[in-house]
Amino acid sequence: MIDFGLVANGVAIGLAVAAPIGPVNLIVIRRTLRYGQLNGFLSGAGAATGDAIFAAIAAFGLTAAIEIVVRFETALQIVGGLFLVALGTRTWIAQPHFDEATEENLSGAIAAVFVTTFFLTITNPATMLGFLAIFGGVAGLADAGEDYGHAATIVLAVLCGSALWWAGLSSFVSLFRQKMNDRLLAVVNRVSGCLIVIFGVVVLARVAIAFLL
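Per-chain numbering applies: the sequence of each chain, read as written, is numbered from 1 onward. In keeping with the model being predicted, local features are shown solely for residues with a pLDDT of at least 70 and side-chain atom pairs are shown and tallied solely at 80 or more, while totals for entire chains, interfaces and linings include all residues. To obtain the side-chain values, all non-hydrogen atoms of the structure were used and water was disregarded.

Asker: For the overall build of the protein, give the residues involved together with the corresponding values.
Answerer: For the protein, the helix and strand inventory stands at nine helices and zero strands. Every helix listed is a DSSP run of H or I at least four residues long, and every strand listed is a run of E at least two residues long, numbered separately from the N terminus. Scanning the protein from its N terminus toward the C terminus, one meets helices and strands in the order α-α-α-α-α-α-α-α-α. Out of the 213 residues in the protein, the part that is buried amounts to 37%. Residue contacts are counted whenever heavy atoms from the two residues lie within 4.5 Å of one another. For the protein, contacts bridging at least 24 residues in sequence account for 90% of all contacts bridging at least 6. For the exposure calls, accessible area comes from a 1.4 Å probe over protein chains only, and a residue counts as buried if that area is under 20% of its type's maximum, exposed if over 50%, partly exposed in between.

Structure, rendered in structure tokens:
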């Protein structure tokens, strides 16, 4: 019997985790404007997969994985911060053109951006700790690990909630794609690249401050 209350909670968690504006949202927006709605959605699918993995760790109570995340939290933040700086710099200096996207290189680009958004998600220990806090605070989730069926339901619901956000975001952004040209696309690249670098610098600054204190 499906617990629809549990499903609703899981979908809400997936939406809540995906919605805050961050690097992945910027990547999805930029790729939707350049390649279209489907590409934007598939770009966000990497983040949704990462969210589902964190949800599984929290739901099934995989203490060994949780301990690893907590133990290497600083290292993960450093790696994630450096990756964001590199990604933002690469985005800034790119010279994109609408007419250069062929079906052949597009499939490779989708695979690459899927891996990128997945990596950005799993190297963010705050997401893992956020899932633990949510699962501990929402009624019915704290004991989900005692029932594998309930735990699996939550994980799938979180995945669907996150995917729903990326579907909605890419669908909305695609409405403005017809007005895009190479000049505007370059502006989008500059702005998103700058913001992604800022996100990376903030992560690294937090690590440095925590180390000094």
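Structure's up, so let's keep going.
Asker: Give a description of the environment of A48 that names residues and reports values.
Answerer: Looking at the element boundaries, A48 is found in helix α3 (residues 37–59). As a C-alpha pair, A48 and W165 span 117 residues in sequence and 9.2 Å in three-dimensional space. Ignoring sequence-local partners within four residues, the contact set of A48 consists of L159, S162, A163 and W166.

Asker: Account for the nonpolar core, with residues named and values stated.
Answerer: Of all hydrophobic cores here, the largest spans 19 residues; its most connected members are V24, I27, L120, W166 and I196. Of all the secondary-structure elements, those providing two or more residues to this core are α2 (23–35), α3, α5 (73–93), α6 (103–122), α8 (148–174) and α9 (182–212). It is α2 that provides the largest number of residues to this core, a total of five residues. Sequence-distant contacts of V24, defined by excluding residues within four places in its chain, comprise A47, T117, L120, T121 and W166. Here the nonpolar core consists of buried residues drawn from Ala, Val, Leu, Ile, Met, Phe, Trp, Tyr and Cys, with membership extended through side-chain atoms lying within 4.5 Å.

Asker: Account for α3, naming residues and giving values.
Answerer: The length a helix should cover is 1.5 Å for every residue beyond the first. Its 23 residues place the ends of α3 31 Å apart at the C-alpha level, agreeing with the 33 Å of an ideal helix rising 1.5 Å per residue. Its maximal kink placed at G46, α3 deviates by approximately 25°. G61, located one to two residues past α3, shows a positive phi value of around 65°. Fitting axes to the seven residues ending at a residue and to the seven starting there, one defines the bend at that residue as the angle between these axes.

Asker: Explain α2 to me, using residue names and the numbers behind them.
Answerer: Between the first and last C-alpha of α2 there are 18 Å, a value that for 13 residues agrees with the 18 Å anticipated at 1.5 Å per step. Of all the 13 residues making up α2, twelve are buried; the element is thus mostly covered by neighbouring parts of the structure. Three or more residues of α2 are buried, namely P23, V24, N25, L26, I27, V28, R30, R31, T32, L33, R34 and Y35.

Asker: Before we move on, can you summarise the packing of aromatic side chains with the specific residues and values?
Answerer: In summary, the pairing rule links any two rings of Phe, Tyr or Trp, Trp by its six-membered ring, whose centres are within 6.5 Å, and it sorts them by plane angle into stacked for under 30 degrees, edge-to-face for over 60 and tilted for everything else. Following the criterion strictly, the structure yields two aromatic pairs and no others. Taking the centre distance of 5.3 Å and the plane angle of 75° together, the rings of F172 and F176 count as edge-to-face. Note on geometry: a ring has a charge over it if NZ (lysine) or CZ (arginine) is within 6 Å of the ring centre and within 35 degrees of the ring normal. Cation over ring: R190 sits above W92, and NZ or CZ is 5.5 Å from the ring centre.

Asker: Report on the environment of V191, specifying residues and quantitative values.
Answerer: When you line up the elements, V191 lands in helix α9. Separated by 165 residues in sequence, V191 and L26 have C-alpha atoms that sit 9.4 Å apart.

Asker: Could you give an account of the side chain of N25, with specific residues and numbers?
Answerer: By secondary structure assignment, the location of N25 is in helix α2. Distance and chemistry together define a polar contact, namely a pair of N or O atoms within 3.5 Å, with one atom able to donate a hydrogen and the other to accept it when in protein, and with adjacent residues in sequence counting only for side-chain atoms on both sides. A polar contact is formed between the side chain of N25 and the backbone oxygen of A18, at a distance of 3.2 Å. Reaching out from N25, the side chain makes a polar contact with the backbone oxygen of P20 at a distance of 2.9 Å. With residues near it in sequence (within four places) discarded, N25 still touches A18, A19, P20, W165, W166 and L169.

Asker: Residues and numbers for the packing of α3 against α8, please.
Answerer: Inter-axis angles, ranging from 0 to 180 degrees, are taken between N-to-C directions of lines fitted to C-alpha atoms, where helices are fitted over the stretch in contact. One can describe the packing of α3 onto α8 by two numbers: an axis separation of 8 Å at closest approach and a directional angle of 155°. It follows that α3 is roughly antiparallel to α8 by the angle criterion. Here the hand of the crossing between α3 and α8 comes out right-handed. Every residue of α8 that contacts α3 at Q37, G40, F41, G44, A47, A48, T49, D51, A52, A55, A56 and A59 is listed here: A151, V155, V158, L159, S162, A163, W166, A167, S170, S171 and S174. When its residues are assigned to classes, the contact of α3 with α8 shows 14 nonpolar, eight polar and one charged. Small angles under 35 degrees read as roughly parallel and large ones over 145 as roughly antiparallel, with 65 to 115 read as roughly perpendicular and the rest as oblique. For any helix crossing, the convention is left-handed if the near helix is rotated counterclockwise from the far helix by under a right angle, and right-handed if that rotation is clockwise. Residues are sorted three ways: Asp, Glu, Lys and Arg are charged, Ala, Val, Leu, Ile, Met, Phe, Trp, Tyr, Cys and Pro are nonpolar, and all the rest, Gly among them, are polar.

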